[in-house]
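Listed here are the chains, written in short residue letters.
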Amino acid sequence: MTSGSDVMERPAVPTGTPPATPPRRWLMPLLLFVGWVLSVAWRMWLSRHIALPIAHTDEDSYLNTARALAGGPGGFSSENDLLRRVGYPMLISPAFLGDRDFTDSYRLVQLINAMVNSALLPLAYLLGRRVLRLPRASALLAVVVAATLPATAFYAGVAMIDTVMAPLVVAWLLAVHRWIERPGPLAAATVGLLVGAFHLLHSRGLVIVAVHAGLVLLLFVRRRITAVAVLAALLPVLAMALVNEAGIHVLGDKVYLLGSTPGGGTVAAVASAQGVVRVAAAVTTQLWYLVVITFGLAGVAWAAAVRELWRPRHGDAIRWTMGVALVVTVGVAGGASVILAGITGKPLDAIYGRYVQMLAPFWLLVGLGVLLTAERRVVLRRAAVAVGLLVAGGALVAVRLAYVASRGHSLRYGGFGAPDLMALTGGWREMRPVVGSLLGIGACVLLVAAVRVPRLRLPVLGALVVVNLVTMQVIDQRLVRPMAASTAPTPRVADVGVRPGERVWASTGVHYILRFNLSHQVTWTDVRWFREQPPAAAQVVFTRWAPGQPDDWDGAKYGFVRLGGNAQQHWAAWRRI
């Protein structure tokens, strides 16, 4: 890495030594293209068992909105007016063009996800070469490590915005580095466009918009950019905000919102000393998590970045880029913790690493850059900081969990909170912070020891790739497949005789996951809900089927005949006579 004092001076080529034969210019683009294709294929292979959504209600919201944008029927969204975004539904809406079965559209969504998510590979290579100055071979293997990181690859198989965020982070920080290095309106507009994309995609983009505004102001005050560049950097953000509003206007009332707008609950959650401590503990947990899942490399990278901010030595471009990345990391972790603390209708999470996962590939690459290019004593100091963060973070997380348990409460711990941490620590039912810290410390020490031996550098990077592949396979076996099997209603809606064009309603007595996945298969209409008596307009209804139980729904008294269903899953389809 070329930032700060972590740069090792490259030895001069002795006089008289013939220059090395330049590599063929087409070879690296070809390798990156082949890598991208293989990355897409691997992600599609991982998603082969997911034929219906498993991440409710986020997936349902995005899919319903995408279908409405493509001209089809709408549906519900769990978003609220304040944080509503249409960028990701716009991206996947082509999958819903034409008349096709939902599972086919869902496969196209997964393909779009895989293609965009795999763009991390060439983008990370540019980061490794242009910013971190890694040798070609090391850069290529390092980006494969980043591209196979479970924090990034996991979301490609589901209709979640997170599949786009990691490559967008790398693209944005690459653009920031280029802008600082060579200021100009075009570079400013590129950065602004990428920041606007964050805003269009997800509410966490608000943090990035705020950091971007601060960066533009600082650069202007310090006379590093002109007023024209200020406009070039800010106008694309405004344009993307207008695109979002235009998309919402186009949707009209086809998509109805079920989410509550953040208000007094959010303020009350942080308006006391206890609330501040609670949020600080959640932020600490997320940052500790980033260090663990990057094998300690995020801690190495943070130490190097802070050192560069404190005593810059090797260029403003690196300094400003690392500063922006640090602020965004803390800001996203803090913003997510505050918003989640304000949701009082459900238990707090033991960990919810989803929002910071998008930063993991970037910090992993920066950490690898330090290990591969810095002097031995510098590497040891940075690694010592990473170990300290793992020890302190793991201890704080353990204390937090023990304290909550001693008060007779429990923190929610779900599969989408940190699936990679679950797989790496074996913590499928409970969070294991001590194991996580030991794992991070061990991996960091092994990496530091291995990279000091030049002939071991490429093999150890290859080993990290294998660890990522195995981790994803474990996640697939232990988490994804069971979730896919338990959330897929059988038989299919078409197989019980529900015909296209029929007006379909669903009872709230059907478990919401099965109700949503049944509704997705009805591609020709928006499936609305009812409690006991179906509306007069309903021709087909999905209801609870629980023989012998008091809440078993009897459609005969409402003039319906049962078509079929699954008594074990407690649902049935009925048609009005």
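In this text, all values refer to a predicted model and were calculated from it rather than measured experimentally.

The terminal C-alpha atoms of helix α16 (residues 360-373), which comprises 14 residues, lie 20 Å apart, in line with the 20 Å expected from a rise of 1.5 Å per residue. By the criterion of burial, α16 is predominantly enclosed, with 14 of the 14 residues buried.

A few words on the side chain of Thr-425. Within the element layout of this structure, Thr-425 appears in helix α18 (residues 419-425). Taking relative accessible area as the criterion, Thr-425 reaches 5% and is therefore assigned buried. Among the polar contacts made by the side chain of Thr-425, one reaches the main-chain carbonyl oxygen of Leu-421 at a distance of 2.7 Å. Polar side-chain contacts of Thr-425 include one of 3.3 Å to the backbone nitrogen of Gly-427. Leave out the neighbours within four places in its chain, and Thr-425 touches Arg-432, Val-435 and Gly-436.

When its volume is computed, the second largest pocket comes out at roughly 580 Å³. Considering the residues around the second largest pocket, the lining is formed by 17 residues, among which Gln-274, Arg-278, Leu-348, Tyr-403 and Val-404 are closest to the centre. Broken down by secondary-structure element, the contributors of at least two residues to the lining of the second largest pocket are α13 (273-293) and α17 (376-406). At 7 residues, the largest contribution of residues to the lining of the second largest pocket is made by α13. The residue inventory of the lining of the second largest pocket, partitioned by class, reads 9 nonpolar, 5 polar and 3 charged.

On the surface, a nonpolar cluster with roughly 730 Å² of combined accessible area is contributed by Trp-26, Leu-27, Leu-30, Leu-31, Phe-33, Val-34, Val-37 and Leu-38. On the accessibility criterion, Val-34 (39% relative accessible area) is partly exposed.

The full count for this structure, using the stated rule, is 18 aromatic pairs. Pairing Phe-362 with Trp-363 gives two aromatic rings, centres 5.0 Å apart and planes at 70 degrees, and the pair type is edge-to-face. A single burial state applies to Phe-362 and to Trp-363, both of which are buried. Between Phe-530 and Trp-553 the ring centres are 6.4 Å apart and the planes differ by 65 degrees, which places this aromatic pair in the edge-to-face class. One end of the pair, Phe-530, is in strand β4 (residues 528-530); the other, Trp-553, is in the loop between β5 (540-543) and β6 (560-566), and 23 residues separate them in sequence. The pair formed by Phe-530 and Trp-553 is uniform in burial state, with each residue classed as buried. Clustering of aromatic rings is evident, with ring pairs tying together Phe-530, Trp-553, Tyr-558, Phe-560 and Trp-574. Above the face of the Trp-45 ring, Arg-48 is positioned so that its terminal group lies 3.8 Å from the ring centre. Stacked on the ring of Trp-529, the Lys or Arg Arg-515 has its end atom at 4.8 Å from the ring centre.

Per-residue confidence for the chain gives a mean pLDDT of 91, with 94% of residues at or over 70. No element of the chain has a lower mean pLDDT than helix α12 (residues 264-269), which averages 67, and none a higher one than helix α4 (residues 102-117), which averages 98. Predicted confidence for residues 1-5 stays below pLDDT 50, and this span has 26 contacts to residues more than four positions away or in other chains. Note on residues 7-16: pLDDT is under 50 here. Beyond four places in sequence and across chains, it has 10 contacts.

A sheet is described by the order of its strands in space; here 5 strands give the open sequence β4-β3-β5-β7-β6, paired in mixed fashion. With one partner strand each, in any of the chains shown, β4 and β6 form the two edges of the open sheet. For this sheet, the mean angle separating the axes of adjacent strands, direction not counted, is 30 degrees. Bridging between β6 and strand β7 (residues 571-576) involves 6 bridges; their strand directions are antiparallel. Its bridge partner lying in β7, Asn-566 is registered against Trp-571.

Criteria and cut-off values
- Residues numbered from 1 in each chain as written.
- Predicted model: local features only at pLDDT ≥ 70, side-chain atom pairs only at ≥ 80, totals over all residues.
- Heavy atoms only, no water.
- Helix = DSSP H or I, 4+ residues; strand = E, 2+ residues; numbered from the N terminus.
- Expected span 1.5 Å × (residues − 1).
- Buried < 20%, exposed > 50% of the residue type's maximum accessible area, 1.4 Å probe, protein only.
- Polar contact = N/O pair within 3.5 Å; in protein donor to acceptor, adjacent residues only side chain to side chain.
- Contact = heavy atoms within 4.5 Å.
- 1 Å grid on protein atoms, 1.4 Å probe; cavity = no way out; pocket = protein on both sides within 12 Å on 5 of 7 lines; lining within 4 Å.
- Points joined across faces, edges and corners; volume = space filled by probe spheres on them.
- Nonpolar A, V, L, I, M, F, W, Y, C, P; charged D, E, K, R; others polar.
- Patch = residues over 30% accessible without salt bridge, like charges linked within 9 Å, V, L, I, M, F, W, Y side chains within 5 Å.
- Areas by Shrake-Rupley, 256 points an atom, 1.4 Å probe, with all protein chains shown as cover.
- Salt bridge = Lys/Arg side-chain N within 4 Å of Asp/Glu carboxyl O.
- Phe/Tyr/Trp six-rings, centres within 6.5 Å; stacked < 30°, edge-to-face > 60°.
- Lys NZ or Arg CZ within 6 Å of the ring centre and 35° of its normal.
- pLDDT = per-residue confidence, 0-100.
- Pairing = 2+ DSSP bridges.
- Axes fitted to C-alpha atoms, helices over the stretch in contact; angles between N-to-C directions.

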